[in-house]
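# A closer look at the structure
If you want the building blocks of each chain, they are given just below.
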Amino acid sequence: MKLPQLFIDNMTKLWGKEDFKAYEEALQCPMQHALRVNTKKISVEDFLKISPFELSPVPWCPNGFYYDDKACQPSKHPYYYAGLYYLQEPSATFPAATLPIVPGDKVLDICAAPGGKSTEIMCRLKGEGLLVSNDISASRAKALLKNLEVFGSTNSLITCESPENLSKHFGCYFDKIIIDAPCSGEGMFRKSQSMINAWEQNGNELFKNIQISILNEVVKMIKPGGMILYSTCTFAPLEDEQSVEYLLSLDPSLEIVDCPYYDGFVKGRPDWGNTDNPDLSKTVHLYPHKIKGEGHYAALIRKKTLEESDSSFNTSALVSDMMIKAPKLSPEIEEFLSHISISYDRSRFVLKNDKLIFIDKDFPDVKGLRTLRCGLLMGEQKKNRFEPSQALAMTLDSSSFNNSLKLSLDDDRVLKYLKGETLEITKEDNVRDGWVLICIDSYPLGFGKLKNNTLKNKYLPGWRMM
């Protein structure tokens, strides 16, 4: 690995020679790998009981665990396809674990793809409130959609918009906002030579300007009393401390609050900013030669309440709630829903282009926004039949769908199903003709259609195991 000379000069000046030498030595070591348990589907305690991997805790993420990628391949395990965990670089788990989300919050993840932060936010909302996951890139937003659906999301709005259009649409709407900003990626140098090549081509200035354009709009969307988590995977003060200073300059009611601090973390440096703001020491750097991870920077910022500041709150700027006209459901839909023990508010169903969607309460009006998904796609009405969606399957389990096939890990039909093959069903499987929810243990993989002991595979083609 050959580091750019300009980067070497910059970091040696910031850290000193000894620290930079330790950093160079760390880059010669293998990357660290982690998984993050999906606490919407399984508790950490229960996952550790069934985990086939040797795991050790990530200190700053209560549901995060290191694993040895040479000893195991969690991405190939059926539990991964069941959405029981997400694979994520260890230091990248810190931002979503740090933003103090409570059920019922309205949360914006403005640079969300591929979904590491959004899937954790969704878990912490516990099915209440709203998650708006946005990525300006349509191709990246598709990966975001898949990861949220694998995790069993029901209260997510997935958009593909510019920050400017989001702020125009929502106004001062969100309780919490997370910005894992596009950056020069200095913390990813060990991951890929292409990151080093991109740094040489783009430097820091390009991304600083992108960050400014995002911060200009984010500041318009946070409610009084709300909180913003700003993070990058780079080390440059231009994109870290100085971007936080810029955000503070946009609104006098914003203040830095303490980030959690763990062994190996390095406090932000006021002298690396332009204003010598002492509160920059409340932000944190994660460096690969100090912690078991690649590198991150995080700052937690709070907007004062109206009682604490001189600001006003323009409620007329808020986006209105979505108006829903509930459709008359077909007999095929009603029959299918009778197999699910979850009680859906029938007034919150929408039938659009023959697709049945469940939109929970408190969803905003989305007219004018480019959306990939609004709510939970239940399935599609076709001629004389209803076909349930993969997204719906991932929100269920063997106890909530009354015709479920529970397969054990050692059943060779698990891999056959994940590869899209037809399954043979026996009397001992105790399932009836019709739609069947295929589970690994009690956790969902997808649907199949059973007739005369042969189960036609309905696992989504784009999700299949190769």
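It should be noted that the structure appears before, not after, this text.
This report concerns the structure included in the present document. (Residues numbered from 1 in each chain as written. Predicted model: local features only at pLDDT ≥ 70, side-chain atom pairs only at ≥ 80, totals over all residues. Heavy atoms only, no water.)

### Section: the overall build of the protein chain
Per the secondary structure count, the protein chain includes 14 helices and 23 strands. Taking 2.2 N^0.38 as the reference for a compact globule, 466 residues should give roughly 23 Å; the C-alpha atoms of the protein chain span a radius of gyration of 24 Å, in line with that estimate. With respect to the principal axes defined by its C-alpha atoms, the protein chain has extents near 75 × 55 × 40 Å. A burial count over the protein chain gives 56% of its 466 residues as buried. Carbon and sulfur atoms provide 49% of the accessible area of the protein chain, an area that totals close to 20500 Å². When the 56 positive and 61 negative side-chain charges of the protein chain are each reduced to one mean point, those points stand 6 Å apart. (Helix = DSSP H or I, 4+ residues; strand = E, 2+ residues; numbered from the N terminus. Rg over C-alpha atoms; globule rule 2.2 N^0.38 Å. Buried < 20%, exposed > 50% of the residue type's maximum accessible area, 1.4 Å probe, protein only. Areas by Shrake-Rupley, 256 points an atom, 1.4 Å probe, with all protein chains shown as cover. Lys, Arg positive; Asp, Glu negative; His and termini not counted. Charge placed at Lys NZ, Arg CZ, Asp CG, Glu CD.)

### What about the packing of aromatic side chains?
Here the distance between the centres and the angle between the planes together describe a pair of aromatic rings. Throughout the structure, instances matching the rule amount to 31 aromatic pairs. Measuring from centroid to centroid gives 6.2 Å for Tyr86 and Phe151, while their planes differ by 80°, and the two rings are edge-to-face. Residue Tyr86 is found in strand E4 (residues 85–87), and its partner Phe151 is found in the loop between helix H7 (138–150) and strand E7 (156–159); the two are separated by 65 residues along the sequence. Comparing Tyr86 with Phe151 shows no difference in burial state: the two are buried. (Phe/Tyr/Trp six-rings, centres within 6.5 Å; stacked < 30°, edge-to-face > 60°.)

### As for the side chain of Thr93
Among the secondary structure elements, Thr93 is positioned in the loop between E4 and helix H5 (94–98). Reaching out from Thr93, the side chain makes a polar contact with the backbone oxygen of Pro90 at a distance of 2.6 Å. Leave out the neighbours within four places in its chain, and Thr93 touches Val58, Trp60, Cys61 and Gln88. (Polar contact = N/O pair within 3.5 Å; in protein donor to acceptor, adjacent residues only side chain to side chain. Contact = heavy atoms within 4.5 Å.)

### Some remarks on the pattern of salt bridges
Side chains that differ in charge, positive against negative, can pair when their charged atoms come close. Under the criterion given, the structure shown has 21 salt bridges. For Glu120, the salt bridge is made with Arg36, and the minimal N-O distance between the two is 3.0 Å. One end of the pair, Glu120, is in helix H6 (residues 116–125); the other, Arg36, is in strand E1 (residues 33–37), and 84 residues separate them in sequence. For Arg302, the salt bridge identified is with Glu255, shortest N-O distance 2.7 Å. With Arg302 in strand E13 (residues 296–303) and Glu255 in strand E10 (residues 254–257), this pair connects stretches of sequence that are 47 residues apart. (Salt bridge = Lys/Arg side-chain N within 4 Å of Asp/Glu carboxyl O.)

### Section: the sheet that holds strand E14 (residues 349–352)
An order of E14-E15-E17-E18 is seen for the four strands of this open sheet, with the pairing classed as antiparallel. Edge strands, defined here as strands with exactly one partner in the open sheet, are E14 and strand E18 (385–388). Within the sheet, the average angular offset between the axes of one strand and its neighbour, ignoring direction, is 25°. With four bridges connecting them, E14 and strand E15 (residues 355–358) associate as antiparallel partners. Opposite Val350, over in E15, you have Ile357 as the bridge partner. (Pairing = 2+ DSSP bridges. Axes fitted to C-alpha atoms, helices over the stretch in contact; angles between N-to-C directions.)

### Notes on H6
Across the 10 residues of H6, nine count as buried, placing the element largely inside the fold. Gly116, Lys117, Ser118, Thr119, Glu120, Ile121, Met122, Cys123 and Leu125 are the residues of H6 that are buried. At the C-terminal side of H6, Lys126 shows a positive phi close to 55°.

### Digging into the packing of helix H10 (residues 205–218) against helix H11 (residues 241–249)
It is the contact of H10 with H11, at a shortest axis distance of 10 Å, that shows an interaxial angle of 30°. Compared by their axis directions, H10 and H11 come out roughly parallel. In terms of crossing hand, the pair formed by H10 and H11 is right-handed. In this structure, H10 contributes Lys208, Gln211, Ile212, Leu215 and Asn216 to the contact, and H11 contributes Gln242, Ser243, Tyr246 and Leu247. In terms of residue class, the contact of H10 with H11 is made up of four nonpolar, four polar and one charged. (Parallel < 35°, antiparallel > 145°, perpendicular 65-115°, else oblique. Left-handed = near helix turned anticlockwise from the far one by under 90°. Nonpolar A, V, L, I, M, F, W, Y, C, P; charged D, E, K, R; others polar.)

### Digging into the sheet that holds E4
Read from one edge of the open sheet, four strands run E2-E3-E1-E4, paired in antiparallel fashion. Two strands bound the open sheet, and with one partner strand each, they are strand E2 (56–57) and E4. Inspection of the sheet shows E1 paired to E4 by three bridges, in the antiparallel sense. In the sheet register, Val37 faces E4, and the bridge partner there is Tyr85.

### Remarks on the state of the cysteines
One pass over the structure, following the stated rule, counts zero disulfides. Looking at the unpaired Cys111, the closest cysteine sulfur is the one in Cys183, lying at 10 Å. Looking at Cys439, it has no disulfide partner, and the nearest cysteine sulfur is the one in Cys123, 18 Å off. Judged by its relative accessible area of 0%, Cys439 falls in the buried class. (Disulfide = S-S within 2.5 Å.)

Geometric descriptors of this kind do not, in isolation, establish any biological role.
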